[in-house]
Amino acid sequence: MDRFPPELDFAVTDSQKETSALPITIRNLTKRYGPVFALNSVDLDVRSGEFLTLLGPSGSGKTTLLMAIAGFNRPDSGSIQFGGEEVILAPPHKREVGMVFQSYALFPHMSVADNIGFPLKLRGIGGTERISRIEEALETVQLSGFGERNIDQLSGGQRQRVALARAFVFGPRVLLMDEPLSALDKKLRERMQIELKHLHRKLGVTTVYVTHDQREALTMSDRIAVINDGELVQLDTPKRVYNRPANAFVADFIGESTMLPLTRNATGALTFRDQLVGEAGEGRDWTLVVRPERLFLADAAAETDERTIVLKGVLREAVFQGESEMVLVALDGDTELAVRIGTGGTANPAGGNIGGEVYIGIDRSDVIIIPGGRAQ
Amino acid sequence: MAGAAPLHEAALQRQHRREQWSILSLVVPAMIVIILIILIPLSWLFYLSFLGDDGGFSLENYHKMTQYKSYYRIFVTTFQVSILTTLACIALGYPLAFFLAQLPPKWAGIFMLAVLLPFWTSLLVRTYAWLVLLQKRGILNEFAVQIGLWETPIKLVHNMTGTLIGMAHIMLPFLVLPLYNAMRKIDGDLMHAAANLGASPVHAFWRVYFPLSLPGMVAGALIVFVLCLGFYVTPAVLGGGRVIMVSNHITAILENQFDWGAASALGVVLLVATTFTLYLAARFFRFDAVLFGRD
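First, a word on scope: everything that follows refers to the structure included in this document. (Residues numbered from 1 in each chain as written. Chains lettered and ligands numbered in written order. Predicted model: local features only at pLDDT ≥ 70, side-chain atom pairs only at ≥ 80, totals over all residues. Heavy atoms only, no water.)

1. Considering the overall build of chain B
For step 1, the next point in the chain: Within chain B, the secondary structure is distributed over 14 helices and 0 strands.
For step 2, the next point in the chain: Secondary structure elements in chain B, listed N-terminal to C-terminal, are α-α-α-α-α-α-α-α-α-α-α-α-α-α.
For step 3, the next point in the chain: Taken over the C-alpha trace, chain B has a radius of gyration of 25 Å; the compact-globule value for 295 residues is 19 Å, which it surpasses by more than 25%.
For step 4, the next point in the chain: Expressed along its principal axes, the backbone C-alpha trace of chain B runs to roughly 100 × 75 × 35 Å.
For step 5, the next point in the chain: For chain B, with 295 residues in total, the buried portion stands at 38%.
For step 6, the next point in the chain: The long-range share in chain B, meaning contacts at least 24 apart out of those at least 6 apart in sequence, stands at 70%.
For step 7, the next point in the chain: Within the structure as shown, chain B displays about 17,500 Å² of accessible surface, and the carbon and sulfur contribution to it stands at 70%. (Helix = DSSP H or I, 4+ residues; strand = E, 2+ residues; numbered from the N terminus. Rg over C-alpha atoms; globule rule 2.2 N^0.38 Å. Buried < 20%, exposed > 50% of the residue type's maximum accessible area, 1.4 Å probe, protein only. Contact = heavy atoms within 4.5 Å. Areas by Shrake-Rupley, 256 points an atom, 1.4 Å probe, with all protein chains shown as cover.)

2. Quick look at the pattern of salt bridges
Residues and elements named next belong to chain A.
For step 1, the next point in the chain: Overall, the coordinates contain 19 salt bridges over all chains when judged by the stated rule.
For step 2, the next point in the chain: Measuring nitrogen to oxygen at the nearest pair gives 3.4 Å for the salt bridge that ties Glu 190 to Lys 186. Here Lys 186 and Glu 190 lie together in helix α6 (residues 186-203), a separation of 4 residues that amounts to about one turn.
For step 3, the next point in the chain: Assessed through its relative accessible area of 35%, Glu 190 is described here as partly exposed.
For step 4, the next point in the chain: Since its relative accessible area comes to 54%, Lys 186 is described here as exposed.
For step 5, the next point in the chain: Of the charged contacts in the structure, one is a salt bridge between Lys 197 and Asp 222, with a shortest N-O distance of 3.9 Å. Taken as a pair, Lys 197 in helix α6 and Asp 222 in the loop between α7 (214-220) and β9 (223-228) lie far apart in primary sequence, 25 residues in all. For the pair Lys 197 and Asp 222, a shared accessibility class is recorded, and that class is buried.
For step 6, the next point in the chain: Through salt bridges with shared partners, a single ionic network connects Arg 161, Arg 191 and Glu 195. (Salt bridge = Lys/Arg side-chain N within 4 Å of Asp/Glu carboxyl O.)

3. Thoughts on empty space enclosed by the protein
All names here are of chain A.
For step 1, the next point in the chain: Scanning the model with the defined rule gives 3 cavities of 30 Å³ or more in all.
For step 2, the next point in the chain: Every residue lining the largest cavity is listed: Phe 272, Leu 288, Val 290, Ile 309, Leu 311, Ile 362 and Val 367.
For step 3, the next point in the chain: Elements supplying a minimum of two residues to the lining of the largest cavity: β15 (286-290) and β17 (308-320).
For step 4, the next point in the chain: Counted by class, the lining of the largest cavity contains 7 nonpolar, no polar and no charged residues. (1 Å grid on protein atoms, 1.4 Å probe; cavity = no way out; pocket = protein on both sides within 12 Å on 5 of 7 lines; lining within 4 Å. Points joined across faces, edges and corners; volume = space filled by probe spheres on them. Nonpolar A, V, L, I, M, F, W, Y, C, P; charged D, E, K, R; others polar.)

4. Quick look at the nonpolar core
For step 1, the next point in the chain: By size, the foremost hydrophobic cluster in this structure holds 107 residues, and its most contacted members are Leu 44, Leu 54, Leu 65, Phe 107, Ile 116 and Leu 176 of chain A.
For step 2, the next point in the chain: Setting aside its immediate chain neighbours within four residues, Leu 176 of chain A contacts Leu 66, Ile 69, Ala 70, Val 97, Gly 98, Met 99, Val 100 and Val 208 of chain A. (Core = buried A, V, L, I, M, F, W, Y, C linked by side-chain atoms within 4.5 Å.)

5. As for the sheet that holds strand β11 (residues 258-261) of chain A
Residues and elements named next belong to chain A.
For step 1, the next point in the chain: The antiparallel open sheet is built from 3 strands, whose spatial order is β11-β15-β21. Only two strands of the sheet have a single neighbouring strand rather than two, namely β11 and β21 (368-371). Sheet twist, expressed as the average angle between the axes of neighbouring strands with direction ignored, equals 35°. (Pairing = 2+ DSSP bridges. Axes fitted to C-alpha atoms, helices over the stretch in contact; angles between N-to-C directions.)

6. Some thoughts on helix α8 (residues 160-184) of chain B
All names here are of chain B.
For step 1, the next point in the chain: Look at α8: 35 Å from first C-alpha to last across 25 residues, which is about the 36 Å you get at 1.5 Å a residue.
For step 2, the next point in the chain: A maximum bend of about 40° is found in α8 at Met 171, where proline Pro 173 lies one to four positions downstream.
For step 3, the next point in the chain: A distance of 3.3 Å separates the backbone nitrogen of Thr 161 from a side-chain oxygen at the start of α8, and that oxygen is part of Asn 159. (Expected span 1.5 Å × (residues − 1). Bend = angle between axes of the 7 residues up to and from the residue. Polar contact = N/O pair within 3.5 Å; in protein donor to acceptor, adjacent residues only side chain to side chain.)

7. As for the interface of chain B and chain A
For step 1, the next point in the chain: Contacts between chain B and chain A engage 18 residues on the former and 21 residues on the latter.
For step 2, the next point in the chain: For the pair chain B and chain A, the summed buried surface comes to about 1,700 Å²; carbon and sulfur atoms form 68% of the total.
For step 3, the next point in the chain: On the chain B side of the interface with chain A, the three residues burying the most area are Asn 196, Leu 197 and Arg 207 of chain B, jointly 41% of the side's total.
For step 4, the next point in the chain: Here chain B is connected to chain A by 0 salt bridges.
For step 5, the next point in the chain: Where chain B packs against chain A, one counts 6 residue pairs in polar contact (both at pLDDT 80 or more).
For step 6, the next point in the chain: Looking at the side of chain B that touches chain A, the elements that each hand over two or more residues are α9 (188-196) and α10 (201-229) of chain B.
For step 7, the next point in the chain: Taken together, the residues of the side of chain B that touches chain A sort by class into 10 nonpolar, 5 polar and 3 charged. (Buried area = accessible area lost by both parts, 1.4 Å probe.)

8. A few points about the packing of aromatic side chains
For step 1, the next point in the chain: In the structure shown here, the tally under the stated rule is 20 aromatic pairs over all chains.
For step 2, the next point in the chain: With a centroid separation of 5.1 Å and 85° between ring planes, the pair formed by Phe 98 of chain B and Tyr 209 of chain B is classed as edge-to-face. With Phe 98 of chain B in helix α4 (residues 69-102) and Tyr 209 of chain B in helix α10, this residue pair connects regions lying 111 residues apart in the sequence.
For step 3, the next point in the chain: Seen from their ring centres, Trp 206 of chain B and Phe 210 of chain B are 5.0 Å apart, and the 55° between their planes marks the pair as tilted. Taken together, the positions of Trp 206 of chain B and Phe 210 of chain B, both in helix α10 and 4 residues apart, correspond to about one turn of that helix.
For step 4, the next point in the chain: Taken together through their ring pairs, the aromatic side chains of Tyr 94, Phe 98, Phe 205, Trp 206, Tyr 209 and Phe 210 of chain B make up a single cluster.
For step 5, the next point in the chain: Sitting over the face of the ring of Phe 51 of chain A, Lys 197 of chain A holds its NZ or CZ atom 6.0 Å from the ring centroid. (Phe/Tyr/Trp six-rings, centres within 6.5 Å; stacked < 30°, edge-to-face > 60°. Lys NZ or Arg CZ within 6 Å of the ring centre and 35° of its normal.)

9. Section: the sheet that holds strand β12 (residues 263-264) of chain A
Two strands in a sheet stick together by hydrogen bonds in their backbones, pointing the same way (parallel) or opposite ways (antiparallel).
All names here are of chain A.
For step 1, the next point in the chain: Pairing in this open sheet of 3 strands is antiparallel, and the strands run β12-β13-β14 from one edge to the other. A single partner strand is all that each edge strand has here, and the edge strands are β12 and β14 (275-278).
For step 2, the next point in the chain: By the bridge criterion, 3 bridges tie strand β13 (residues 270-272) to β14 in an arrangement that is antiparallel. Counted as the bridge partner of Phe 272 is Gln 275 from β14.

10. Looking at the packing of helix α6 (residues 123-134) of chain B against helix α7 (residues 139-146) of chain B
Residues and elements named next belong to chain B.
For step 1, the next point in the chain: Close contact between α6 and α7 brings their axes to 4 Å; oriented N to C, the two are set at 25°. The orientation of α6 relative to α7 falls into the category roughly parallel. Residues Val 132, Leu 133 and Leu 134 of α6 pack against Ile 139, Leu 140 and Asn 141 of α7.
For step 2, the next point in the chain: Residues belonging to the contact of α6 with α7 are distributed by class as follows: 5 nonpolar, 1 polar and no charged. (Parallel < 35°, antiparallel > 145°, perpendicular 65-115°, else oblique.)

11. Some thoughts on the packing of α8 of chain B against α10 of chain B
Residue and element names in this part refer to chain B.
For step 1, the next point in the chain: Following both chains from N to C, one finds α8 and α10 inclined at 150°, their axes separated by 8 Å at the closest point. For α8 against α10, the interelement crossing comes out right-handed. Within the contact between the two elements, α8 uses Met 167, Met 171, Phe 174, Leu 175, Pro 178, Leu 179, Ala 182 and Met 183 and α10 uses Tyr 209, Ser 213, Gly 216, Met 217, Ala 219, Gly 220, Ala 221, Ile 223, Val 224, Leu 227 and Cys 228.
For step 2, the next point in the chain: For the contact of α8 with α10, the class distribution of residues is 16 nonpolar, 3 polar and no charged. (Left-handed = near helix turned anticlockwise from the far one by under 90°.)

Written as structure tokens, this is what we have:
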């Protein structure tokens, strides 16, 4: 029984198919640095027109993968195809890939218009057409009238937009972005996330985005490819990656979570503190993953039933964090659960009662069971 | 004390002034040295150059320069040697600096030693070493004749060729250091971006890398050129009396005629020419950017 409705796969509309939205097919891509696998036989299909994020901690291989798609590093073996065309041997300047660099990599000796016009000039597009396409690109990134500026006269957010305009102005087959928002402050970053997503919808170009920021990945992506130690760990929609992590790494890396080891009862069902949690296959250890925001403080009368599981514990600490309050509840000596509750109204009945007894509830549909022992 | 008075205002200001003075005092020794060994002798030089035979003010020394064709030739030679040396340094130094800038910093440091090692050896030693290498019965000629590169030993020294070879060797580090520095500062992503946007490696180099390395190259070329203008040892030894630059002539005037006035006037003209070169450079390139690598 799948408790979750199947997620709607990102639908490619007809209008998007008209643009050059090519799928990317990656097969057995391997890159070693000495004994370390930066990429270990990675298979990945990026669908036509989708916004796919490569998410992983630093050193996971996500940037290596992006650079391999762009042609900036040479993998040891494997295949990369753009819409069926093998590009693994093509030099970067023949790949027709647009890329936004983490440092933006704007040419400091050229004006904004010359930066954006650079790829057009190289393609023999001159005169009025170049001017109008530069103008159009500037308009798309909301920088009309900035063409004559020098790069050092622009703010970080503006540079970001110029880098973006330069990357798509020549109609690339694929758009790549390497942590393009990491240099911006939080507010601007969040606004640019929405803008980038909007722009992607407008252009319809197949986009591969690299980030180590799980929140950014969840916000922007059609699908997320979680990468760790050079391997693709999970490829799924943001909701599924969050709600159905494939293993402890994904559960731990994306969102907050507490992992609790499960035991089997006499009938073979998985239990936590004698509370029936779920069923699972044979062998192996299984772990219960609980998200702090999916837990709630229940009143003393609450009991475990078909819909919810209730656990008893002692309130250790309550930390006010503005939009929410983090409550730490000790189940016993060394097992502590984090519960995130709203701060509106009388959301926290446990309030100042530190050291007091509390009951924590979780809806059974919010229960996540993953294979393997405890991550920590 | 009135209650409304700003607290400790005077004391804080005193502290601030004291700090400024203590920083200023750091330059005092250097200032004294500059005044003693540069400004005073330079003023003396100017003064001497305007003295006539009778001990009064006169433009005689400068007038002489326009009269004799030999002076004209000396200036032409000086600029010729300086320009050719600078060009040779660029031709040799640009690829070298580019190579060094591509290496991982650790390796670049080791290779840089190879550039700097001659820099730390005595100028005179290096110049005489070239004399040994380049002379008619020197290693280079013997070797070239033996492998049949040319049939009879050719004159590589005591002429313009020898002077240029020696000077280019001595000046090379002055070009490579600022150029390498400028190249190191070029964000590697820029070349990636250029390639990504469709530029072939050759295109990316000329459109992106070269313009960005230009300030470093100009800085290095300027240093080389200005140093060449006043160079003495190498043309004296390797030129064999056939390559007479301004400083060589100044020595000749002093040794043969003991004419301080004429020598001073020549020195002043050289100084003015050098200053003028720097002024021109400052007009065409932003000077602070060129000299200090700012962008």
